[in-house]
Amino acid sequence: MTLCEKTDCKKRDGSGIQRIWFFVLMILLSACAQNSAYLYEMGERPIPPGIENQILPHTTTQDEVLTLLGEPVARLKTKTNEGHIHIWTYSYLDLQSPSHDKGESLTITFDDKTFVVQSVVRGPL
């Protein structure tokens, strides 16, 4: 007497294997369907052209900058004669460039009391 005879095994039609392949396919498709912005690490995403024109000194807040650009690559708080300022830096280095020297940065300075932009500087890395 075999094990199937003892436990009354039913014939399998392969549906278990089909379910496994279906789940594997769904996982692969969901990974491909992600928004490309989430596929970058900090500092790997190019700084959008002209974005500095949307960041207005004495008007734009830190929260608005976070909405526009996300988290900065670096944050610094430094003391001045008037108190403190916060400096956020966004940077991008194009590693696909043959000369590996194509890079840019965006430095935004905020007032420590109001958390409003004081200055925006875009330049080479």
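Everything below is about the structure shown above.
The rules behind each value
- Residues numbered from 1 in each chain as written.
- Predicted model: local features only at pLDDT ≥ 70, side-chain atom pairs only at ≥ 80, totals over all residues.
- Heavy atoms only, no water.
- Helix = DSSP H or I, 4+ residues; strand = E, 2+ residues; numbered from the N terminus.
- Buried < 20%, exposed > 50% of the residue type's maximum accessible area, 1.4 Å probe, protein only.
- Arc of directions from axis to C-beta.
- Pairing = 2+ DSSP bridges.
- Axes fitted to C-alpha atoms, helices over the stretch in contact; angles between N-to-C directions.
- Core = buried A, V, L, I, M, F, W, Y, C linked by side-chain atoms within 4.5 Å.
- Contact = heavy atoms within 4.5 Å.

Visitor: How would you summarise unusual backbone geometry if you had to cite specific residues and measurements?
Guide: Although it is not a glycine, His-58 sits at a positive phi angle of roughly 65 degrees. Within the fold, His-58 resides in the loop between α2 (15-32) and α3 (62-69). For His-58, a relative accessible area of 59% gives the class exposed. For Phe-115, which is not glycine, the phi dihedral falls at a positive 55 degrees. Relative accessible area serves as the criterion here: at 35%, Phe-115 is assigned to the partly exposed category.

Visitor: Outline α3, listing residues and values.
Guide: The set of residues buried in α3 consists of Gln-62, Val-65 and Leu-69. Down the axis of α3, the buried set is contained in an arc of 55 degrees. They therefore lie on one face. Away from the buried face of α3 by more than 90 degrees, exposed residues Asp-63 and Thr-67 are located. At the exit of α3 stands Gly-70, carrying a positive phi of roughly 80 degrees.

Visitor: How would you sum up the sheet that holds strand β3 (residues 103-111)? Please name residues and give values.
Guide: Reading across the sheet, the four strands line up as β1-β2-β3-β4 and stay open at both edges, with antiparallel pairing between neighbours. Looking at strand neighbours, the two that pair on one side only are β1 (74-80) and β4 (117-124), the edges of this open sheet. Going from strand to strand, the sheet's axes swing by 20 degrees on average, the running direction of each strand aside. Here seven bridges tie β3 to β4, and the two strands are oriented antiparallel to one another. Each bridged residue has a counterpart across the sheet, and for Leu-106 the counterpart in β4 is Arg-122.

Visitor: Tell me about the pairing of strand β2 (residues 83-93), and name the residues and values.
Guide: Looking at chain direction, β1 and β2 are connected through seven bridges and run antiparallel. Within β2, the residue paired with Thr-78 across the bridge is Ile-85. Linkage of β1 to β2, two consecutive antiparallel strands, is achieved through a turn of two residues. Relative to β3, β2 runs antiparallel, the two being bridged by nine bridges. In the strand pairing of β3, Trp-88 is matched with Ile-108.

Visitor: So, the nonpolar core: which residues are in play, and what are the values?
Guide: Formed by Ile-47, Ile-51, Ile-55, Val-65, Leu-69, Trp-88, Tyr-90, Leu-106, Ile-108, Phe-110 and Val-117, the largest nonpolar core amounts to eleven residues. When residues of this core are traced back to their parent elements, those giving at least two are α3, β2 and β3. Looking at this core, the element that brings in the most residues is β3, giving three residues. Dropping the residues within four chain positions of it, Val-65 is found in contact with Ile-55, Thr-60, Gly-70, Trp-88, Tyr-90, Ile-108, Phe-110 and Val-117.

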